[in-house]
Protein chains: 2
Amino acid sequence: MPSERQRRRIPEATVERLPVYLRILAEQADLAIDNISSDRLAELGGVNAAKVRKDLSYLGSYGTRGVGYEVSYLVYQIRRELGLTHDWPVVIVGAGNLGQALAGYGGFGERGFPVAGIVDVDPAKVGSVLGGVRVRHIDELAQIVQAKHVNIGVIATPSAAAQDAAERLVRVGVTSIMNFAPVVLSVPRSIEVRKVDLAVELQILSYHEQRKASNALRSVGGAATTRPASA
Amino acid sequence: MPSERQRRRIPEATVERLPVYLRILAEQADLAIDNISSDRLAELGGVNAAKVRKDLSYLGSYGTRGVGYEVSYLVYQIRRELGLTHDWPVVIVGAGNLGQALAGYGGFGERGFPVAGIVDVDPAKVGSVLGGVRVRHIDELAQIVQAKHVNIGVIATPSAAAQDAAERLVRVGVTSIMNFAPVVLSVPRSIEVRKVDLAVELQILSYHEQRKASNALRSVGGAATTRPASA
DNA sequence: CCGGCTTTGTGAACGCGTGCACGAGCGCTA
DNA sequence: TAGCGCTCGTGCACGCGTTCACAAAGCCGG
């Protein structure tokens, strides 16, 4: 008999896909679909069916052969594994353009990540209200984090202030950081950091665009010299 | 003699790191540092030195043994490879909270991705000005894309509208898409899509937080039963 | 109750990315 | 000009992630 909580480590690549499955499954549940095959889930998620099955197998064997997976049960299992059985309040550092948009974006709270607070160094910004949350001074960070039991911090400051923001967050006990500033943060190894760098994403797209362009040029030039006679 | 343009394909993993190197190198150039070793670059970028050298070797061999890399030349080479020798105008679809923040965020233009236009379906939003760009109706998408030679589109719509936005973008000739909506887009294979899903990022952090918490619990419980007598 | 159909779960092979280790090459100094 | 120290470039091995392919297992119709 396998141990009930065989908490074997889940590969990082799988962890990154589980939220996608979860969203799709939740949508299916809303459509009153209570059973789904790995094939269908793979199609909706844009991935390989074998990968879906292997990913889900890390949670335990919750499928039924010949039938598929029970949507609601799978939703429950994924939510449990991702730690989404309760809310994770987040604190946003930086009330500039991006910080304001994040605070105003309702999607966070809906998905279990309510904005516990937003702080800024600039006294001029303190006091204004964004998305129902009042901007407070960064010196109140510790108080917010402790009062609301915040574990996750979001850095939405300019690049120059990001490292300082990270250090403040770590100092007050935050252990996970989502960083929007285009800098490499230096933090203790125990702190989990996810970076979201829009410029990097655009530059990757640029690379592929440039590649398409130069390939197109080459194939035009190459066609004249390498095209077979009439095959 | 190796061909001058041995355009061997660059691994995707490397492509994703080149923008980071580029940013660091540009910073070093601003500090009047004109030479850098792979070791130092690795340290600043938070990666392995061997990886840096291997990544850069895909661009050609532009380093000098015993010395390092010439910063300005490397900047030039990376920019060339990423297709950053000229601007790539982008068009933003969706003038909601996020679209507004993106348009207002100056970082795009600075880094070579000027906002060529921002469009929305909602007539009430059309006409207002965000970050110096007037919001136009989505029916004008084709006109904007053609007039400004846009190849890259940014989807900042609600989930329900994202697929339609993607199809419109593809139809008017956009071939790269950055998607902020939490949905899997269905587009032709030739279209490059990068997704940026904030909820997914937070859920990944949640997983690690939950893991830390359950590990802490287990080690406390386990210590009571498994701690050796006095070893 | 049995045979066929469907779909899961997973062993195994493959390919990509990472990191080590070291030879090759360059500059500096005496 | 010779020797030395430093750093690049890369062959190689290892590990992770992906995918195929198939046996195991459940459902259903006759």
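Structure: see above.
All of these numbers come straight from a predicted model, not from anything done at the bench. (Residues numbered from 1 in each chain as written. Chains lettered and ligands numbered in written order. Predicted model: local features only at pLDDT ≥ 70, side-chain atom pairs only at ≥ 80, totals over all residues.)

Draft legend 1. Representation of the overall build of chain A in the model. Counting secondary structure elements, chain A contains nine helices and 10 strands. Against the compact-globule benchmark of 17 Å for 231 residues, chain A has a radius of gyration of 23 Å, which places it well outside the compact range. Considering only C-alpha atoms, chain A reaches an extent of 75 × 60 × 35 Å along its principal axes. The 231 residues of chain A split such that 35% are buried. The contacts in chain A between residues at least 6 apart in sequence include a share of 52% that link residues at least 24 apart. (Helix = DSSP H or I, 4+ residues; strand = E, 2+ residues; numbered from the N terminus. Rg over C-alpha atoms; globule rule 2.2 N^0.38 Å. Buried ≥ 20, exposed ≤ 12 C-beta atoms within 10 Å, placed from the backbone. Contact = placed C-beta atoms within 7 Å.)

Draft legend 2. The arrangement of the interface of chain B and chain A in detail. Tallying the contact residues gives 44 residues for chain B and 44 residues for chain A. Of all elements in the fold, only α1 (12–30), α2 (38–45), α5 (97–104), β9 (176–179), β10 (192–195) and α9 (198–226) of chain B reach the threshold of two or more residues within the side of chain B that touches chain A. It is α9(B) that contributes the most residues to the side of chain B that touches chain A, 13 residues altogether.

Draft legend 3. Expanded view of the packing of α2(B) against helix α3 (residues 49–57) of chain B. All names here are of chain B. Between α2 and α3, the least distance of the axes is 8 Å, while the angle of their chain directions is 110 degrees. When the interaxial angle is binned, α2 and α3 end up roughly perpendicular. For the pair α2 and α3, contact is made by Ser38, Asp39, Leu41, Ala42 and Gly45 and by Ala49, Val52 and Arg53, respectively. Looking at the contact of α2 with α3 residue by residue, the classes come out as four nonpolar, two polar and two charged. (Axes fitted to C-alpha atoms, helices over the stretch in contact; angles between N-to-C directions. Parallel < 35°, antiparallel > 145°, perpendicular 65-115°, else oblique. Nonpolar A, V, L, I, M, F, W, Y, C, P; charged D, E, K, R; others polar.)

Draft legend 4. Fine view of the protein's contact with DNA strand D. Around DNA strand D, a shell composed of 27 residues is seen, among which A:Pro11, A:Gly66, B:Ser61, B:Gly63 and B:Gly66 lie nearest. The element best represented in the surface near DNA strand D is α3(B), accounting for five residues. Tallied by class, residues from the surface near DNA strand D come to nine nonpolar, 10 polar and eight charged. (Near = placed C-beta within 6 Å.)

Draft legend 5. Main features of the sheet that holds strand β1 (residues 35–36) of chain A. All names here are of chain A. Taken together, the three strands give an open sheet; going across it, the order is β1-β3-β2, and neighbouring strands pair in antiparallel fashion. Two strands bound the open sheet, and with one partner strand each, they are β1 and β2 (63–64). Here β1 pairs with strand β3 (residues 68–70) via two bridges, running antiparallel. Paired with Ile36 across the strands is Tyr69, a residue of β3. (Pairing = 2+ DSSP bridges.)

Draft legend 6. Highlighting the sheet that holds strand β6 (residues 129–130) of chain A. All names here are of chain A. Spatial ordering of the open sheet is given by β6-β7-β5-β4-β8-β9-β10, a layout of seven strands whose pairing is mixed. Taken across any chain shown, the strands that pair with only one partner, and hence form the sheet edges, are β6 and β10 (192–195). Bridge count for strand β9 (residues 176–179) against β10 is four bridges, and the pairing is parallel. Opposite Asn179, over in β10, you have Lys195 as the bridge partner. Seen against the sheet, helix α8 (residues 159–171) touches β4 (90–93), β8 (152–155) and β9 and runs at an angle of roughly 170 degrees to β8.

Draft legend 7. Molecular detail of the relation of the copies chain B and chain A. When chain B is brought onto chain A, the operation consists of a screw motion whose angular component is 180 degrees and whose axial shift is 0.0 Å, with 0.1 Å RMSD remaining. Within this description, the copies of the chain are treated as partners about a two-fold rotation axis. Proximity to the rotation axis, assessed at the C-alpha, singles out B:Ala101 in chain B; its C-alpha lies 3.0 Å from the axis. Looking at chain B, 100% of its interface residues are interface residues in chain A too, so the copies touch through the same face. (Least-squares fit on C-alpha atoms with pLDDT ≥ 70 in both.)

Draft legend 8. Just the protein's contact with DNA strand C, in detail. Not every one of the 26 residues close to DNA strand C is listed here, only the nearest: A:Ser61, A:Gly63, A:Gly66, B:Pro11 and B:Gly66. For the surface near DNA strand C, the elements supplying multiple residues, two or more each, are α2 (38–45), α3 (49–57) and β3 of chain A together with α1 and α3 of chain B. In terms of residue count, the dominant contributor to the surface near DNA strand C is α3(A) (five residues). Classifying every residue of the surface near DNA strand C by side-chain character gives nine nonpolar, 10 polar and seven charged.

Draft legend 9. Broad picture of the pairing of strand β7 (residues 133–137) of chain A. Residues and elements named next belong to chain A. Two strands pair when backbone bridges link them, and strand β5 (residues 115–120) and β7 are joined in this way by three bridges, in the parallel orientation. Across the sheet, the residue bridging to Ile118 is Val135, located in β7. Pairing geometry for β6 and β7, over two bridges, is antiparallel. When the bridges of β7 are listed, Val129 appears paired with Arg134. Here β6 folds back onto β7 in antiparallel fashion, the turn holding two residues, of which Gly131 has a positive phi close to 55 degrees.

Draft legend 10. Region of interest: α3(B). Residues and elements named next belong to chain B. Taken as a whole, α3 has its buried residues at Val52, Asp55 and Leu56. Buried residues along α3 cover an arc of 95 degrees about the axis, so they all sit on one side. For α3, exposure combined with an orientation more than 90 degrees from the buried face picks out Ala50 and Ser57. On its buried side, α3 packs onto α1, α2, β2 (63–64) and β3 (68–70). (Arc of directions from axis to C-beta.)

Draft legend 11. Spatial organisation of the pairing of strand β4 (residues 90–93) of chain B. Residue and element names in this part refer to chain B. Side chains Val90 and Ile92 project from β4 onto one buried face, and the interleaved Val91 and Val93 project onto a second face that is buried too. Strand direction decides the pairing type here: β4 and strand β5 (residues 115–120), joined by four bridges, are parallel. Opposite Val91, over in β5, you have Gly117 as the bridge partner. Inspection of the sheet shows β4 paired to strand β8 (residues 152–155) by four bridges, in the parallel sense. Within β8, the position partnered with Val90 by the bridge is Ile152.

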